[in-house]
Amino acid sequence: MTNSVDPAILTADAVTVERLDGAPIIADVSLTLRQGEVMGIVGESGSGKSTLALALMGHARRGVRIGGGAVNIDGTEMLSLTPKQLRSARRNLVAYVAQDPGAALNPTLRLDTLLTEGLEGSSAEKTARAKRILKKVGLPDDDAFLRRRPRQLSGGQQQRIAIAMAVIAEPKVIILDEPTTGLDVSTRAKVLDLIKQLCIADNLTAIYVSHDLAVIASVADHVTVMYGGQVVEQGEMQEVLATPRHPYTRALLDAVPSVNDRQALLPIRGRVPNVGEWPEGCIFSDRCDYAIAACSVRPPLRQAGTALVRCVRPELAHTLGAVSRHIDHRRAAEAVEPALTATHINAAYGDKQVLFDVNLTVEPGRCLAVVGESGSGKSTLSRCLIGLHENLTGELTLAGSPLPLSVAGRDQIARERLQYIFQNPNASLNPRRTIGQSLIAALDGSAAKREGRAIDVINEALDRVSIPADLTDRYPAELSGGQRQRVAIARALVSNPAVLLCDEVTSSLDVSVQASVIELLRSLLEDGLGMMFVTHDLAVVRNIADTVIVLNEGRIVEQGEMQAVLNAPQHPYTQSLLANTLQLPTGDDETETAALAVH
Amino acid sequence: MTTTTDASLELPRPRKARATGLWRLWSSAQVRLGVTMLVGITILVIIAPFLAPHDMAAPVGRPYAPPSPEAWLGTDNLGRDVLSRVMSGGIYLAWMAPASALIAVSLGAAIALIAAYYGGWTDLILMRCMDVLLAFPGILLTLLCVSIFGPAPPLLVTLVVLTLMPGVARVIRGAALPLLRQEYVLWAKTVGTPGRVIITRELLPNVSSPLLVELGLRLSWSVAILSSMSFIGYGIQPPAADWGLMVAENGNGLGIQPYAVLAPILMIVLYTIGGALIAEGSARIIARTEGEA
Amino acid sequence: MAVGDVTEDRGYPLMSRLMPVLSKVLQGLLTLLAVSLLIFLAARSLRGDVANMILGPHALPDQVEQLRVQLGLNQPLWTQYINWLGGILHGDWGTSLASGRPVSESLVIGLRNSATLSAVALAVMLPTALVVGVVAAQYRDGLVDRIFLITSMIFNAVPEFVTGTILVAIFATTVVHWLPAVSFIPPGDSPISYPSALILPATTIIIPGVMYLSRLVRVAVIDVMTTEYIQTAVLKGLSPARILFLHALPNAIAPIIPAASLVAAFTIGGVVVVEYLFAYPGVGSALVDAVTNRDLPAIQAYVLVIASAYFFFNLIADALARK
């Protein structure tokens with residue numbers, strides 16, 4: 001697709017966006033796009049990727065300003081336009097699709113207004129155009145549909161409307177900021193298909209921003225890897241994936257779990273530097289395993305192969321090759337007593353039944369993954385097991401003895417042996433209490449506290465999750481997301497539990513942090529804990545689960561040993577889930593086919 | 001699994017000054033100014049009667065005399081020294097207003113947290129009672145009761161509490177409801193923490209900032225209601241000196257001796273603004289920190 | 001919302017929309033009934049016996065007893081309450097002890113005067129608050145905005161009689177003498193024919209109302225302006241005017257409407273003090289008079305009327321918030 005004769009449609013040159021106090025949020029970002037190219041911009045939270053996307057539109061959020069550089073789109077200098085010219089450029093040259101269509105579509109306006117406002121021409125022409133575009137994005141194109149409002153659409157339909165809004169004026173460039181992040185796997189696949197199809201059919205030039213390398217790999221032909229507000233690597237997709245030259249790119253790839261192979265995941269130590277606290281030299285140097293003295297001076301982007309790399313030693317690439325990381329699956333222990341069982345669980349919200357006759361078993365030292373999309377009832381199921389859901393029938397046992405359905409009916413021992421870890425680490429610790437206070441509270445009524453061993457137990461748990469004990473007088477706001485999630489795990493561990501119920505515990509974490517939490521949970525399994533892991537992410541399932549149940553609309557549609565289910569799914573729903581799960585194309589394709597060939 | 005240990009050697013964020021809890025509100029200049037004003041006025045009001053140049057009850061000249069070296073702010077409708085009366089005229093407000101506000105906010109918060117946490121019938125009954133109180137304009141209730149039982153200060157405080165409490169309960173319940181969906185509260189439930197403990201340990205500290213906003217706001221309203229009652233003749237009774245009462249007593253002389261009205265008005269304005277500043281400053285800090293989170 | 005486009009609503013659209021309103025009205029009526037009972041009991045416990053009060057201190061016990069029977073005071077409280085309520089439903093509010101004439105006579109006059117005052121105040125207050133709030137939001141954190149915030153904080157905090165007295169000092173007695181300090185309106189005349197008597201009381205109500213509401217408008221507009229859909233509109237290259245009027249305001253006004261009705265309710269409560277201050281002949285000043293005279297039937301009537309009006313606006317606020 002790349003044709004060096006084609007003139008660039010979009011060039012960004014040394015774009016800098018800074019806070020009003022002058023601290024840079026993104027610095028010295030340059031990129032070039034030719035007609036029909038799709039550039040993926042990938043980065044974890046704090047990388048500045050969304051700030052860059054907005055800067056390319058000539059827009060900066062409140063409290064932030066574009067400090068320098070130039071953005072040229074089809075001959076128009078975006079950063080030196082008058083407000084009026086800029087509005088015109090945004091109507092005709094470049095369009096933007098935001099992450100959350102539910103928030104990005106004005107709830108009070110009808111679809112016809114949303115689609116056609118800003119267009120020129122008679123209202124009949126505009127309506128005809130709106131209908132054409134609706135057809136193109138795969139939505140009904142009748143008048144009744146045009147009169148709807150965004151709230152009356154599903155999430156996938158809303159995102160199609162947002163995309164239609166962007167392409168209706170036939171812009172030269174379209175910028176998509178995480179357009180599929182909030183969507184379910186199957187919806188995401190459909191929206192991604194639409195984007196790919198638009199790019200090919202209309203020869204669209206696009207910038208696709210995402211935290212998810214697999215998504216980027218599936219739509220983009222070029223990629224820009226951002227870290228801490230800087231471009232660290234930029235080049236053709238295949239080239240960067242095959243030979244990552246920057247240590248950060250390599251580390252990012254090593255942290256991504258694969259749906260095809262169980263691997264050791266390598267987290268990145270440390271944290272992304274805050275705005276205003278950037279290190280003097282290379283932005284990644286304080287977390288880089290290969291840092292040398294020369295890294296204390298910020299390196300420029302330099303050519304290495306066909307890619308641009310911001311590293312003093314891009315030739316390191318050869319030593320950065322992926323090590324064999326495959327790890328073996330735990331074998332089923334024989335004839336152990338189940339740690340937790342649930343039989344004939346039926347649950348409802350009001351009159352609406354959400355779980356139908358669900359049965360499951362959690363064994364000590366093994367992880368049961370509960371897989372499902374939103375609305376599958378998987379979160380309700382975990383709430384049922386912990387005793388927070390009120391409207392349910394069925395039977396539970398914990399270590400062989402019956403377990404009351406409601407937490408109020410359970411005794412201290414049952415409450416201690418069954419522990420719950422929540423999805424959102426930002427909300428799972430009381431912001432007004434120190435880490436130590438939260439951990440002590442977890443020991444209320446316990447034998448350890450009565451015997452005066454509370455401090456020892458807490459220190460032991462913190463040590464287990466690798467949190468320094470001197471953080472106990474910190475408030476949650478002073479910790480990173482990964483640290484908070486580990487403290488939440490420690491809070492469960494102080495009770496010496498038999499079973500951990502993990503509700504999407506990694507889904508709000510960055511991939512490099514997710515890796516460390518998954519590794520921690522794996523090591524807890526080694527210790528003999530039973531675990532139920534609720535997730536929508538099959539790659540995570542591959543990497544942690546021993547057995548799997550697949551939930552769809554409140555019913556178990558498939559269950560079994562993890563390898564059996566993932567390698568040879570029997571139910572069409574599981575098959576479609578698996579087919580829609582995106583996978584990073586890596587050099588390990590042979591092992592993948594080998595693994596599949598077994599069945 | 002040594003990788004886990006390596007990976008977690010994250011350095012904690014550089015420690016900022018303890019910017020949590022109620023202390024962060026002190027960083028607002030408005031809060032500091034408000035607190036200073038309230039403390040200043042309270043001290044002034046308590047020591048002023050001893051410093052007053054004249055007996056506040058005895059005439060020092062003819063009625064509505066303009067300011068003079070003897071009476072710096074002139075005289076009132078009965079020829080008494082305005083300055084001395086203004087200095088003595090806040091003593092009732094100085095205890096009644098804070099007492100009303102404190103009791104109203106404490107009771108309102110307790111009701112709100114209990115209603116929010118237990119939900120169901122408890123919530124319905126408690127909040128419906130609050131609605132009934134809200135459905136009755138405070139000034140009517142106060143007028144009615146004072147006309148029955150007479151304007152005794154404890155009764156006035158009770159009435160102000162009844163007037164303000166439902167509003168506090170609504171606001172704090174509104175602030176507490178989203179907390180109930182927070183995972184740390186759910187976690188406390190999963191380990192069987194009793195409701196009383198969840199309310200005091202998990203909920204209360206997290207509504208402390210809105211509580212301070214309410215306290216400031218309700219203090220300022222207490223002053224307004226109490227002085228309004230004095231003004232229409234159903235609060236503090238003559239011959240006692242009270243700012244609201246002074247405005248009413250000297251209203252007829254506004255054209256010839258405005259100081260007899262404007263001096264007590266200034267004191268009321270300062271007192272009410274002190275509370276409002278605390279509310280405003282706290283609310284701003286809360287909005288700012290929530291914006292960051 | 002467009003009609004019939006949400007599938008769930010199709011079955012019984014009218015019922016599903018009316019039910020919450022009906023239950024709210026029912027709840028409200030029960031509340032009002034409780035309030036009326038409260039008023040009744042409170043008024044009955046006023047110190048001094050009504051019959052004694054009418055006949056004066058030198059009446060013979062026989063006469064007093066006779067009057068008690070005549071007034072129904074010897075009946076159980078419960079019967080008295082029912083009779084009182086029944087009378088009100090027939091338009092019989094009782095006879096004023098002070099004037100000896102039916103309470104309804106002065107009630108009608110006071111109600112008209114108060115309603116006029118409130119209506120004038122609200123008619124000016126609501127649009128002004130909207131404009132001030134939008135302007136403050138547009139200049140968010142700028143000088144105009146900061147001055148607005150400080151001013152509105154002050155006027156929200158100080159009681160109405162303070163604002164009113166300052167207005168009187170400025171416009172009626174001390175600085176200039178443009179307007180009357182006391183609102184004299186002959187009984188039977190419409191207050192509309194005496195605009196100069198309306199200006200100061202109305203302004204006293206308007207100022208804190210505007211200051212309170214415009215703050216809410218400001219916050220609502222700012223909240224909406226920071227949403228993603230407004231960012232989307234900006235990035236679509238729409239004009240600032242279109243963004244403000246078509247995209248932002250319709251969304252910003254929704255949360256303000258209930259607050260506006262609540263302010264209307266507050267206005268009715270605040271009217272008591274303002275009317276007293278300006279001796280404006282409305283239900284508020286009449287109530288203060290009635291309390292001073294211990295005029296029991298009048299107190300009951302005025303309190304119930306004011307509470308009903310207050311309740312009515314609260315109900316509207318609730319219904320609008322529910323929408």
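Residues numbered from 1 in each chain as written. Chains lettered and ligands numbered in written order. Predicted model: local features only at pLDDT ≥ 70, side-chain atom pairs only at ≥ 80, totals over all residues. Heavy atoms only, no water.

Novice: Tell me about the pattern of salt bridges, residues and numbers included.
Specialist: Taken as a whole and assessed by the stated rule, the structure comprises 33 salt bridges over all chains. For the salt bridge of Asp 28 of chain A with Arg 310 of chain A, the shortest nitrogen-to-oxygen distance reads 3.8 Å. Separated by 282 residues along the polypeptide, Asp 28 of chain A in strand S2 (residues 24–34) and Arg 310 of chain A in the loop between strand S12 (307–309) and strand S13 (340–349) bring together distant segments of the chain. Residue class for Asp 28 of chain A comes out partly exposed when judged on its relative accessible area of 37%. The shortest N-O distance in the salt bridge between Lys 172 of chain A and Asp 74 of chain A comes to 3.7 Å. Of this pair, Lys 172 of chain A sits in the loop between helix H7 (155–167) and strand S7 (173–177) while Asp 74 of chain A sits in the loop between strand S4 (64–73) and strand S5 (76–77), and the two are 98 residues apart along the sequence. When salt bridges with common partners are traced through the structure, they connect Asp 444 and Lys 449 of chain A together with Arg 201 and Glu 202 of chain B into a single cluster. (Salt bridge = Lys/Arg side-chain N within 4 Å of Asp/Glu carboxyl O. Helix = DSSP H or I, 4+ residues; strand = E, 2+ residues; numbered from the N terminus. Buried < 20%, exposed > 50% of the residue type's maximum accessible area, 1.4 Å probe, protein only.)

Novice: Got a sec to walk through the interface of chain C and chain B? Specific residues and values, please.
Specialist: With 40 residues of chain C in contact, the opposing surface of chain B contributes 36 residues. For the chain C and chain B pair, buried surface summed over both sides reaches about 3600 Å², with 76% attributable to carbon and sulfur atoms. Along the contact surface separating chain C from chain B lie 1 salt bridge. Where chain C meets chain B, there are 3 residue pairs in polar contact (both at pLDDT 80 or more). Those elements giving two or more residues to the side of chain C that touches chain B turn out to be helix H1 (13–44), helix H6 (143–157), helix H7 (160–173), helix H10 (240–278), helix H11 (283–293) and helix H12 (296–322) of chain C. Among the residues forming the side of chain C that touches chain B, the class breakdown is 27 nonpolar, 9 polar and 4 charged. (Contact = heavy atoms within 4.5 Å. Buried area = accessible area lost by both parts, 1.4 Å probe. Polar contact = N/O pair within 3.5 Å; in protein donor to acceptor, adjacent residues only side chain to side chain. Nonpolar A, V, L, I, M, F, W, Y, C, P; charged D, E, K, R; others polar.)

Novice: Kindly report on the environment of Ser 36 of chain C, identifying the contributing residues and their values.
Specialist: Residues and elements named next belong to chain C. In this structure, Ser 36 sits in helix H1. It is 34 Å that separates the C-alpha atoms of Ser 36 and Arg 215, two residues lying 179 residues apart in sequence. Engagement of the side chain of Ser 36 in a polar contact is seen with the backbone oxygen of Leu 33, the distance being 2.7 Å. In this structure the side chain of Ser 36 is engaged in a polar contact, spanning 2.6 Å, whose partner is the side chain of Tyr 81.

Novice: Any chance you could break down the nonpolar core for me, citing the residues and the numbers?
Specialist: Among the nonpolar cores identified, the biggest contains 167 residues, and Leu 360 and Leu 521 of chain A are the most heavily contacted of them. When residues of this core are assigned to domains, at least three fall in each of domain 1 (107–169) and domain 2 (360–568) of chain A. Once residues lying within four places of it in the same chain are set aside, the contact partners of Leu 521 of chain A are Ile 489, Cys 502, Val 505, Met 531, Phe 533 and Ile 544 of chain A. Grouped together as the second largest cluster of nonpolar side chains are 131 residues, Val 45 and Ile 232 of chain B together with Leu 198 and Val 271 of chain C included. (Core = buried A, V, L, I, M, F, W, Y, C linked by side-chain atoms within 4.5 Å. Domains from an automatic or database assignment.)

Novice: Tell me about the sheet that holds strand S18 (residues 418–421) of chain A, and name the residues and values.
Specialist: Residue and element names in this part refer to chain A. Taking strand neighbours across the sheet as the criterion, the 6 strands line up as S18-S19-S20-S15-S21-S22 in an open arrangement whose pairing is mixed. Edge strands, defined here as strands with exactly one partner in the open sheet, are S18 and strand S22 (555–561). Adjacent strand axes in the sheet meet at a mean angle of 15° when their direction is disregarded. Bridge count between S18 and strand S19 (residues 499–503): 4 bridges; the pairing is parallel. Counterpart to Gln 419 in the pairing with S19 is Leu 500. Docked against the sheet, helix H21 (residues 572–580) engages strand S15 (367–371), strand S21 (547–552) and S22, running at close to 100° with respect to S21. (Pairing = 2+ DSSP bridges. Axes fitted to C-alpha atoms, helices over the stretch in contact; angles between N-to-C directions.)

Novice: Account for the domain arrangement of chain A, with residues named and values stated.
Specialist: Here chain A is described as being made up of domain 1 (107–169) and domain 2 (360–568). Put simply, the middle of domain 1 of chain A and the middle of domain 2 of chain A, counted by C-alpha atoms, are 44 Å apart.

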